[in-house]
Structure formats: C-alpha cells, structure tokens
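# Fold and geometry: a report
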Amino acid sequence: MIELKTVEDLENYQRAVSRRSKSIVAAAGLGLILTFLVTLMIGNYSLSITDILSILSGMSGDSVGSYIIIDVRVPRLLCCIAVGAALSASGLVMQSLFKNPMASPSVLGISSGAAFGAALALAFGIGGFMGRYMVPGMAFIFCFLTMGAVYMLARTKYGVVSTTLLLAGVAIGAFFSGMLSLLQYVVNENVLSGIVYWTMGSFNNCGWQSFQLAIIPISAGLLIMLFSIKELNLIAAGEEQAANIGVNIKKLRILMILATSLAVGGSVAISGVIGFVGLIVPHIFRMLVGPNHALLIPLCVFGGGIFMIAMDTIAKSAFAMALPVGVLTSLIGAPFFIYVMRTRKNEIWD
Amino acid sequence: MSLEIKELCFSYDRRDVLCKIDLTAERGEIVGIIGQNGCGKTTLLKCVNSSLVPGMGSVTVDGCQVSEMSRREIAKKIAFVTQTTNVTFPFSVYDTVTMGRYSRMDDEGRKEGDDVRAVFQAMKDTGILKFADRPINELSGGERRRVMIARALAQEPEILLLDEPTLHLDINHQFDLLEMIHRLSKEKNILVLIVTHDIVLASRYCDRIVIMQNKKIHKIGDTIKVMIPENMKDVFYIETEVSEDSRFGLNVLLIGKDKDSPED
C-alpha cells in the first residue's frame, strides 16, 4: 500500500513503476544475450567461450570452428530468437484480442493454415510471383486468411464468444491438417520430406538464408505490436470500454490480425509449425509481471527468444538422437495447456 | 445546447426500441432516466456516444453531430461508465485510470505532466488515491465502480453517461456515490445522464427526470414536477408518497404495487 498525497507523489510512483519496468526488460535482454553466448558453445564440435569470442571478433585461425559458429550456430540461434519472439508476442496479442487464455497461433489453427500455405508453395510452386519470398509469402497469406476466417466464425452480435472461438479454431485447424495430409499423399517423395519437415517444426535447415527470409515479416509484425501497446491494454480491459475511451476497435483488430499474420507467417516459413510457444511464454510472463503490454511485449520478445533457444538446444542435444523442436514443445505444451485450463481460468479470465 | 437529441429512433433488427426521442440538456445538470426494464434506457445512452447508430434522428454535442466524429473525438467530449465492472486482466488502479487519457494523447498544446495531473485529480475526486498500486480485481464492487468513474473523469469530458451506477452497491455506498457524482457535476460543470432503477436516489440527486415508457419519453421535467404519485402509478403501478425533507430534499416513499395493475 502506498500513500499518495500530491501530484508529485503520483509522479514519483509512476517513475518508480517505469524504472522497475525498464530494469525488468533490460534483465530479460541481458538474459537473452547470455543464453545466446552460452548455447553457441553447445554442439557436437566443442568450443570454449574464449574460442567463440575470438571467432566472433575475427581473430581465430580455426577455420572449422569459424564455419560452425558463423555459418551454422549463429544463424540457427538467430532464427530461434526471431521465431520464439514472433510466436510468443503473437500468442500474447491473440489472448488480449480475443480475451481468451487459450488463444495462440497453434491452438486456433492458424499455424496449420500457414503450414498448408507453405506446403502449397513447396509442392506446386503456387505463389511463384513472390520470387524468393514464395514460401513465407504463402505462409503469411494463409495465416491472414485463417485468422480472419476463425475470427469471423467466432464473432456474434455480442462479441467474440470464447467457446465458439476455440471450436472455430479447432475446426479450421483440422480442415487444414486434412488438406495438408491430402497434399502429402499426392506429392512425390522429395517434396514429401520437405513438407513433413514443415509439419514437425524444426530449425535443422535454418541458415542465414532462412534468417533473411523471416526477419522482415517478423520485424514488421513485432513493430506494429510495439506501436499498439496502449490500444492493446485498452482492448484487454474490454472491447466496449475501449471503444468508449476512444479506440477504433475495427481498425485495431485488422491491424493486429495483420501483425500476427506477418509474425506467424514469417516463423512458419522457416521453422514449420512449432506449437504451444505462443501459449506458454505469455502466460508465464503475465503471471510474473501483470497484464501491462508495455512490459509484456518486450518480455515476450526477449523471453520467447530465450525459451526457443533453450527448447532447440535441449531437442538437439539432450537425447540420443536430435528431435524436431516442435515435438518437444508439444510434449511440454500440452500439459501446460491443461494446467492453464484447470487453474487460471477462474482467476483472471471471466 | 450542450447535448441535443432530435427525433431519435433506433431498432434492433426490426424491433423498434426507441421512437422519436427529443431531449436537450446543459452542462452542470444531472438528468435521471428511469423506466421499466426494456424501455430503451441503456440503448439511449449508447446512441448518445455513438456506440449504437440510430436509424433516424440525430445527436449533437456543442453543435457537432456525434455520428460524424471519430471515436477519439467522441471520447474527448463524452465518457461512458457501463454497467459491467468485470475486468479480464488485473491491471493496477493507476494503469486503469491512466487509460482514460488515451483520447488526449496527441492534443494540441499538450504539456508534460498534463496526464499525471489529470489522473491525480480524477483519483483524488473519487477518493481512490490509496488504491493506486492495487490490482483492480482485488477491489470491492463499490471501489471498482469509483475506479471506472475516475477513468471517465480522466477523459475530462463535458458529458458523463452512467448506466446503473449504484447496481450491486449496498445502501450507504449508493448514497456516497451519488453524493460524489452530484458534487463533481456542479464543481466541474459536467452534464451527467444517469440511467437508474432507483427512484429514491434519482429523485434526491437529479435536477431533471426523464421517464421512459413504450420506446418514448413519457414525461420530462424538473424532478419535483415529474416525481409525483400519478406518474409513478402510470408507469410503474406503484403507490407512492412524496414529501420534502428539510435536511435531505425530495423524498419519495415507495409503498406497494397496485393490485389491479395489468400483468406484464
């Protein structure tokens, strides 16, 4: 409990809150850098931190080491960070937009839609007009269409009803999974392995080229979210109330659907469908720091990156054989989903 | 005229809810809107701030049509405290009240510290300064209602719309709340429109009363002229006694329902 008597007291309180927020975000950023450096060491070819620092500064004569760090591990980790940030922030935005704790790109079938779009591009070259951006472009378009469809289906005169939203997501997700299976059935073996890679979710093929493909749509999506922090807070407090306070709800919804489609489309295009990241990360941070998006968005970006790096590192090195990371996040995510469903539902969402 | 409603009609699908409503009101007065369930009271408030678009007629504020204003422009003039105080996320009280400043974010001639000053004033006026850092979901219903009113005041509106502000409050908090609204309306020269079921409170605190019945304004006028036993019997089928208390003002005593009244 604090005692506020004058405007200055309130200003001081506000400054203290914003100082605290800044240090939390800075700590998360630092955590991400440390995680990045530490995980650079992990892999079949063993390197110490001094080796890595000398390679990064260009002073090392170890050509194999340089190749492994600069051309394999660094781009893969950067992809992990981009995808983790994109999926986490998108999950957060969707939970606020739909006011539903279960909303996330994978649960609402949006990742499946994006994967189907990517598979169409891979199998038949559909969307070839986009050139080298064909696969992420198709993933983005299908993301946008799927999210729009789910949202339209869930909308009623009285707003978006949670149960309808989840059902619409499940139905649309199942439809695109079915279409994807059909596609797998008809294509030849070379294409098939590419599509299977997409559906499992993995960073195994992620190099500099993947990073270059994904970073533009993902950054654009995240920037839109960062510029909408105030509106996100307001819409999270209630759609009707947000409109009364001056938010153009329709415009915000379209903007957010666009932003999440860009971010999720960019992610799915390079790593395939990695489920539950968008569910787990926002929940953890919301439990820790409360619902203010000014804190949650940067935390989801940094924390999502850390989480994704950790998952990928565990998936590739903790078991006898390297697992696709999507398998691991699903194995962890499904119990977490049940935990959220059982415990958090009645506390803050209603 | 601060607020002018002209020949306003509204219907949901094809069911008419409001029919030819005319109402004008000035800043600084409190207008109570009463009437039976489903007579269109809340719909009228929603038409005033353009949450609902009327089929016919117009709403103007200071001569400007609200239908032609953006959400943000409307929010600078009109604040709306809805019935629900449900909150999905546990925002702090300070964060919640600060949200009211959204429409003023890029006002011309805006100065550093304007927002904090307005938020401070709104919190002080509603007596919630001591809750600043508390999550809103930990507050009681009455405290939460005051937070919502503080957020509305942070908008620095000319018109404040209140939909059932005393709902779910115990009797002493009902009086406290209306006492506060009365004081704020006069001090800040705000026009307050209150939709309420509480006849006792409405007759005590409102300058004018609108009685609605069958989609229309049945009676409108100074409280003392409208809150008379005949009108109460006409609209609610309730026997009342009205007296003037030297300490508190107009006093409406609800006695009971007329046995011969039509079933509805």
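Now for a quick tour of the structure. Keep in mind that what you see is a predicted model, and the values were worked out from it rather than measured. (Residues numbered from 1 in each chain as written. Chains lettered and ligands numbered in written order. Predicted model: local features only at pLDDT ≥ 70, side-chain atom pairs only at ≥ 80, totals over all residues. Heavy atoms only, no water.)

Per the secondary structure count, chain A includes 14 helices and 2 strands. A compact globule built from 350 residues would reach a C-alpha radius of gyration of about 20 Å, and chain A, at 21 Å, matches this within 12%. The dimensions of chain A, computed from C-alpha atoms along their principal axes, are 65 × 50 × 40 Å. Each of the 350 residues in chain A was classed as buried or not, and the buried ones make up 54%. (Helix = DSSP H or I, 4+ residues; strand = E, 2+ residues; numbered from the N terminus. Rg over C-alpha atoms; globule rule 2.2 N^0.38 Å. Buried < 20%, exposed > 50% of the residue type's maximum accessible area, 1.4 Å probe, protein only.)

Looking at the secondary structure, you find T60 of chain B in strand β4 (residues 56–61). Overall, the relative accessible area of 13% leaves T60 of chain B in the buried class.

Moving on: the interface of chain A and chain B. Residue-level contacts link 33 residues of chain A with 38 residues of chain B. Both sides of the chain A and chain B interface together cover about 3,300 Å² of buried area, and 62% of this is carbon and sulfur. Looking at the side of chain A facing chain B, the largest losses of area belong to L10, N244 and I245 of chain A, adding up to 20% of the total buried there. Between E240 of chain A and K46 of chain B there is a salt bridge, with the nearest N and O atoms lying 3.6 Å from each other. Our count for the contact surface shared by chain A and chain B stands at 7 residue pairs in polar contact (both at pLDDT 80 or more). (Contact = heavy atoms within 4.5 Å. Buried area = accessible area lost by both parts, 1.4 Å probe. Salt bridge = Lys/Arg side-chain N within 4 Å of Asp/Glu carboxyl O. Polar contact = N/O pair within 3.5 Å; in protein donor to acceptor, adjacent residues only side chain to side chain.)

Given 3.6 residues to a turn, an α-helix orients residues that are three or four positions apart in the same direction. Residues and elements named next belong to chain A. Helix length check: helix α13 (residues 293–317) (25 residues) gives 34 Å between terminal C-alpha atoms against 36 Å at 1.5 Å per residue, within 8%. Maximal helix bending in α13 amounts to about 30°, located at C300. The distance from a side-chain oxygen at the start of α13 to the backbone nitrogen of A294 is 3.0 Å, and the residue carrying that oxygen is N292. (Expected span 1.5 Å × (residues − 1). Bend = angle between axes of the 7 residues up to and from the residue.)

Before going further, it helps to spend a moment on the nonpolar core. Core analysis: the biggest nonpolar cluster contains 113 residues, and F98, I195, F203, M225, I274 and M308 of chain A have the highest contact counts within it. Per-element tally for this core: the top contributor is helix α3 (residues 63–98) of chain A, with 17 residues. Setting aside residues no more than four positions away along its own chain, I274 of chain A makes contact with V83, L87, G201, F203, M308, V325, G326 and T329 of chain A. The next biggest cluster of nonpolar side chains, apart from the first, holds 55 residues, and it includes I34, V81, F131 and L178 of chain B. (Core = buried A, V, L, I, M, F, W, Y, C linked by side-chain atoms within 4.5 Å.)

A few words on the side chain of S261 of chain A. All names here are of chain A. Looking at the secondary structure, you find S261 in helix α11 (residues 249–271). Overall, S261 belongs to the buried group, its relative accessible area being 0%. For S261, the contacting residues outside a window of four places in its chain are F140, C143, F144 and G266.

The next thing to look at is unusual backbone geometry. Residues and elements named next belong to chain B. Backbone geometry at D62 places phi at a positive 50°, although glycine is not the residue there. Along the chain, the position of D62 falls in the loop between β4 and β5 (64–65). One non-glycine residue with positive phi stands out, namely Y237, at about 60°. By the element assignment, Y237 lies in the loop between α9 (229–236) and β11 (238–245).

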